[in-house]
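Residue-level structural notes
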Amino acid sequence: MKPLKKKVSITLDGDLIDEIRKRAEADDRSFSQYINIVLKEYLLKEQRPESSQLYV
């Protein structure tokens, strides 16, 4: 079963939005999908052994 998704509202710098849009398009993904992937990869990279496995 896919995890439930929730809508959030965040404010990002304009240049960051432009770069994410370019990369998402190049990867044939939506803006939202691309942000999810980037955040999950970052959290997995930064995950400490004592932390939960929430982001796997």
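Refer to the preceding data block for the structure.
Let me begin by describing the structure that accompanies this report. The model shown is predicted, which means the values in this text are computed figures rather than measured ones.

1. Looking at the pattern of salt bridges
Enumeration according to the criterion identifies three salt bridges in this entry. A salt bridge links Lys 22 to Glu 19, with the nearest nitrogen and oxygen atoms 3.8 Å apart. Separated by three residues within a single helix, Lys 22 and Glu 19 lie in helix 1 (residues 14-26), roughly one turn from each other. Using a relative accessible area of 54% as the deciding quantity, one classes Lys 22 as exposed. A salt bridge links Arg 23 to Glu 19; the nearest nitrogen and oxygen atoms lie 2.8 Å apart. Taken together, the residues Arg 23 and Glu 19, both in helix 1 and four residues apart, mark about one turn of the helix. According to the relative accessible area criterion, Arg 23 is partly exposed, its value standing at 48%.

2. Description of helix 1
An ideal rise of 1.5 Å per residue puts 18 Å on 13 residues; helix 1 measures up with 19 Å between its terminal C-alpha atoms. Where helix 1 terminates, the next one or two residues include Asp 28, which has phi positive at roughly 55°.

3. Quick notes on the environment of Arg 29
Relative to the assigned elements, Arg 29 resides in the loop between helix 1 and helix 2 (31-46). When neighbours within four sequence positions are excluded, Arg 29 is seen to be in contact with Ala 24, Tyr 34 and Ile 37. Only 2.8 Å separates the side chain of Arg 29 from the side chain of Asp 27, close enough to count as a polar contact.

4. Section: the packing of aromatic side chains
Applying the stated criterion to the full structure yields zero aromatic pairs. The residue whose ring lies beneath Arg 21 is Phe 31, and the NZ or CZ to ring-centre distance is 4.6 Å.

5. Topic: the packing of helix 1 against helix 2
Following both chains from N to C, one finds helix 1 and helix 2 inclined at 95°, their axes separated by 9 Å at the closest point. Taken together, helix 1 and helix 2 sit at an angle that is classed as roughly perpendicular. Where helix 1 abuts helix 2, its residues Ile 17, Ile 20, Arg 21, Arg 23 and Ala 24 lie against Phe 31, Tyr 34 and Ile 35. Of the residues that constitute the contact of helix 1 with helix 2, the class distribution is six nonpolar, no polar and two charged.

Conventions adopted
- Residues numbered from 1 in each chain as written.
- Predicted model: local features only at pLDDT ≥ 70, side-chain atom pairs only at ≥ 80, totals over all residues.
- Heavy atoms only, no water.
- Salt bridge = Lys/Arg side-chain N within 4 Å of Asp/Glu carboxyl O.
- Helix = DSSP H or I, 4+ residues; strand = E, 2+ residues; numbered from the N terminus.
- Buried < 20%, exposed > 50% of the residue type's maximum accessible area, 1.4 Å probe, protein only.
- Expected span 1.5 Å × (residues − 1).
- Contact = heavy atoms within 4.5 Å.
- Polar contact = N/O pair within 3.5 Å; in protein donor to acceptor, adjacent residues only side chain to side chain.
- Phe/Tyr/Trp six-rings, centres within 6.5 Å; stacked < 30°, edge-to-face > 60°.
- Lys NZ or Arg CZ within 6 Å of the ring centre and 35° of its normal.
- Axes fitted to C-alpha atoms, helices over the stretch in contact; angles between N-to-C directions.
- Parallel < 35°, antiparallel > 145°, perpendicular 65-115°, else oblique.
- Nonpolar A, V, L, I, M, F, W, Y, C, P; charged D, E, K, R; others polar.

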